[in-house]
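Here are the chains, one letter per residue:
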Amino acid sequence: MELESILLPGVDDKRPIVIAGPCSAESEEQVMDTARQLAARGVKMFRAGIWKPRTKPGGFEGIGVPGLAWLKKVKKETGMYVATEVATQQHVFEALKAGIDILWIGARTTVNPFAVQEIADALKGVDIPVLIKNPVNPDLELWIGAIQRIYNAGIRRIGVIHRGFSSYDKKMYRNLPLWHIPIELHRRFPDLPIICDPSHIGGKRELVAPLCQQAMDLSFNGLIIESHCNPDCALSDASQQITPDVLDYVLNLLVIRDSNQTTESLAELRRQIDEIDENLLELLAKRMRISREIGVYKKEHNMPILQAPRYSEILEKRSNMGEAMDLNPDFIKEILKEIHEESVRQQMVIMNEQ
């Protein structure tokens with residue numbers, strides 16, 4: 001893809017690009033109060049949800065079209081660019097008519113190719129930055145498909161937003177970051193700007209700052225952060241919004257590392273990593289050869305492939321060993337799970353041989 005910059009005139013070409021504002025536009029007073037505070041702190045791009053897709057009916061689903069007039073007022077009074085989410089063709093038409101500067105496609109929309117194509121069709125012939133959030137489920141190809149649909153509509157100013165992935169087991173985060181997915185996206189499309197949404201990943205305002213720093217350490221281009229003049233009274237996502245004052249504090253604390261620093265000092269360490277990786281691969285190949293030999297033995301003695309007690313024993317013992325070596329036991333279990341699945345697959349090949 002041949003992409004163009006998503007930056008608008010007057011926005012500095014430096015990390016992080018910052019887009020901030022409330023989860024939802026709730027009232028003219030709330031929108032303008034938040035916008036004035038953000039503008040006074042140097043924020044150039046203001047975000048606010050006009051249409052809000054909620055999990056269940058009955059919640060605040062956005063103010064709708066009347067809120068677009070408030071965003072126009074923000075733009076006129078503060079000079080900030082304004083951004084909002086679109087989920088349907090009609091949303092696109094209304095946002096463009098109101099002079100919205102940046103559009104984004106939400107995670108619940110990205111997951112539906114029909115909805116993304118409808119938005120793409122509405123954007124044909126338009127020149128506007130479009131940001132595409134990852135789908136709610138961890139499906140990189142679905143994310144790439146949405147990007148391609150928007151690109152095929154003629155949009156060249158495209159960026160993506162990493163907002164984490166839904167999980168039944170929420171644990172620490174509202175949406176699991178699964179950093180390896182946006183990292184892989186960047187590997188495939190190095191010119192595609194990636195913006196992190198720490199508000200939706202964390203789900204709690206105390207997680208916003210550390211998530212912002214993690215995103216910067218991973219060389220993300222920008223941040224889209226929910227900021228509200230009175231977060232505790234917000235009509236949606238109150239727990240993850242921060243005040244403009246706190247946002248300013250978070251941004252000032254960020255450490256932006258020089259991505260262009262020389263890597264000469266890393267050369268020897270990287271050489272050691274390469275050597276260790278080669279050894280790991282050789283050991284894995286040896287392990288799989290032994291697994292195949294076990295498969296032959298099981299076939300000759302009419303034994304089932306899966307030996308559940310043995311697998312449980314391996315998981316427990318190896319996890320404990322890894323923890324004693326300062327390795328995360330969950331990390332060890334994940335690796336062992338993948339190794340076990342491959343061992344089972346190879347033994348199944350042996351079993352099915354005539």
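Going by the structure above, here's the rest.
Read on for an overview of the structure. The shown structure was predicted, so the numbers you read here are calculated from the model rather than taken from an experiment.

Rules used throughout
Residues numbered from 1 in each chain as written. Predicted model: local features only at pLDDT ≥ 70, side-chain atom pairs only at ≥ 80, totals over all residues. Heavy atoms only, no water. Helix = DSSP H or I, 4+ residues; strand = E, 2+ residues; numbered from the N terminus. Axes fitted to C-alpha atoms, helices over the stretch in contact; angles between N-to-C directions. Parallel < 35°, antiparallel > 145°, perpendicular 65-115°, else oblique. Left-handed = near helix turned anticlockwise from the far one by under 90°. Contact = heavy atoms within 4.5 Å. Nonpolar A, V, L, I, M, F, W, Y, C, P; charged D, E, K, R; others polar. Buried < 20%, exposed > 50% of the residue type's maximum accessible area, 1.4 Å probe, protein only. Pairing = 2+ DSSP bridges. Right-handed = clockwise from strand over helix to strand, strands pointing away. Core = buried A, V, L, I, M, F, W, Y, C linked by side-chain atoms within 4.5 Å. Disulfide = S-S within 2.5 Å. Patch = residues over 30% accessible without salt bridge, like charges linked within 9 Å, V, L, I, M, F, W, Y side chains within 5 Å. Areas by Shrake-Rupley, 256 points an atom, 1.4 Å probe, with all protein chains shown as cover. Salt bridge = Lys/Arg side-chain N within 4 Å of Asp/Glu carboxyl O. Phe/Tyr/Trp six-rings, centres within 6.5 Å; stacked < 30°, edge-to-face > 60°. Expected span 1.5 Å × (residues − 1). Polar contact = N/O pair within 3.5 Å; in protein donor to acceptor, adjacent residues only side chain to side chain.

**Overview of unusual backbone geometry**
With the exception of glycine, the majority of residues adopt a negative phi angle, and the majority of peptide bonds are in the trans configuration. Cis geometry marks the peptide bond from Arg15 to Pro16; its omega dihedral reads -5 degrees. Position of Pro16 among the secondary structure elements: in the segment before β1 (17-21). Despite not being glycine, Ser219 shows a phi value in the positive range, around 70 degrees. When you line up the elements, Ser219 lands in the loop between α9 (208-217) and β8 (222-226).

**Things to note about the packing of helix α11 (residues 267-300) against helix α13 (residues 329-352)**
One way to put it is that α11 packs onto α13 with a least axis distance of 8 Å and a crossing angle of 45 degrees. Comparing the axis directions of α11 and α13 gives the class oblique. In this structure, α11 meets α13 at a crossing whose hand is right-handed. Contact residues: α11 offers Leu284, Arg287, Met288, Ser291, Arg292, Ile294, Gly295, Val296, Lys298 and Lys299, while α13 offers Ile339, Glu342, Ser343, Gln346, Gln347, Ile350 and Met351. Looking at the contact of α11 with α13 residue by residue, the class counts come to seven nonpolar, five polar and five charged.

**Re the pairing of strand β6 (residues 158-162)**
For β6, a buried count of five out of five residues is recorded, marking the element as mostly surrounded by other parts of the structure. The pairing of strand β5 (residues 130-133) with β6 spans four bridges and is parallel. When the sheet's bridge partners are listed, Lys133 is paired in β6 with Ile161. With helix α6 (residues 140-152) bridging β5 and its parallel neighbour β6, the resulting β-α-β unit is right-handed.

**Notes on the nonpolar core**
Counting 67 residues, the largest nonpolar core has Phe46, Leu123, Ile132, Ile150 and Leu185 as its most contacted members. It is α6 that provides the largest number of residues to this core, a total of seven residues. Ranked by size, the runner-up nonpolar core spans 15 residues in total, among them Val11, Ile17, Met45 and Ile102.

**Focus on the sheet that holds strand β3 (residues 81-86)**
A barrel is described by the order of its strands in space; here eight strands give the closed sequence β1-β2-β3-β4-β5-β6-β7-β8, paired in parallel fashion. Adjacent strand axes in the sheet meet at a mean angle of 30 degrees when their direction is disregarded. Bridge count for β1 against β8 is five bridges, and the pairing is parallel. Paired with Ala20 across the two strands is Ile225, which belongs to β8.

**A look at the state of the cysteines**
Under the counting rule described, the total for this entry stands at zero disulfides. Between Cys23, a cysteine without a disulfide, and Cys229, which holds the nearest cysteine sulfur, the sulfur-to-sulfur distance is 13 Å. With no disulfide of its own, Cys233 lies closest to Cys229 among cysteine sulfurs, the gap being 8.9 Å. Judged by relative accessible area, Cys233 falls into the exposed class, the value being 51%.

**A closer look at the environment of Ile195**
Looking at where Ile195 falls in the secondary structure, it is placed in strand β7 (residues 194-196). For Ile195, a relative accessible area of 2% gives the class buried. Sequence spacing of Ile195 and Phe165 is 30 residues, and the spatial spacing of their C-alpha atoms is 15 Å. With sequence-adjacent residues up to four places away left out, Ile195 is seen in contact with Ile6, Ile19, Leu131, Val160, Ile161, His162, Phe220, Gly222, Leu223 and Ile224.

**Some points on the packing of helix α3 (residues 89-97) against helix α5 (residues 113-123)**
The contact between α3 and α5 brings their axes to 8 Å, and the two run at 35 degrees. Taken as a pair, α3 and α5 cross one another with a handedness that is right-handed. Touching Gln89, Val92 and Phe93 of α3 are Glu118, Ile119, Ala122 and Leu123, all from α5. Across the contact of α3 with α5, the residue classes break down as five nonpolar, one polar and one charged.

**Some points on a nonpolar patch on the surface**
Residues Met321, Met325, Leu327, Phe331 and Ile335 make up a contiguous nonpolar surface patch of about 470 Å² in total accessible area. Tracing the chain through its elements places Phe331 in helix α13.

**Notes on the packing of aromatic side chains**
All chains considered together, the criterion is met by one aromatic pair. Aromatic pair Trp179 and Phe220: ring centres 5.7 Å apart, planes at 75 degrees, arrangement edge-to-face. Linking Trp179 in the loop between β6 and α7 (180-188) with Phe220 in the loop between α9 and β8, this pair joins segments that are 41 residues apart in sequence. We note that Trp179, like Phe220, is buried.

**Comments concerning the pattern of salt bridges**
Counted according to the given criterion, the structure contains 18 salt bridges. Its salt-bridge partner being Lys97, residue Glu94 comes within 3.5 Å of it at the nearest N-O pair. Taken together, the residues Glu94 and Lys97, both in helix α3 and three residues apart, mark about one turn of the helix. Classification of Lys97 as exposed rests on a relative accessible area of 63%.

**Examining α6**
Taking 1.5 Å as the rise per residue, α6 with 13 residues should run 18 Å; its terminal C-alpha atoms sit 18 Å apart, in good agreement. Leu140, Leu142, Trp143, Ile144, Gly145, Ala146, Ile147, Ile150 and Tyr151 are the residues of α6 that are buried. Capping the start of α6, Asp139 holds a side-chain oxygen 3.2 Å from the backbone nitrogen of Glu141, two or three residues further along. Downstream of α6 by one or two residues, Gly154 has phi in the positive range, about 100 degrees.

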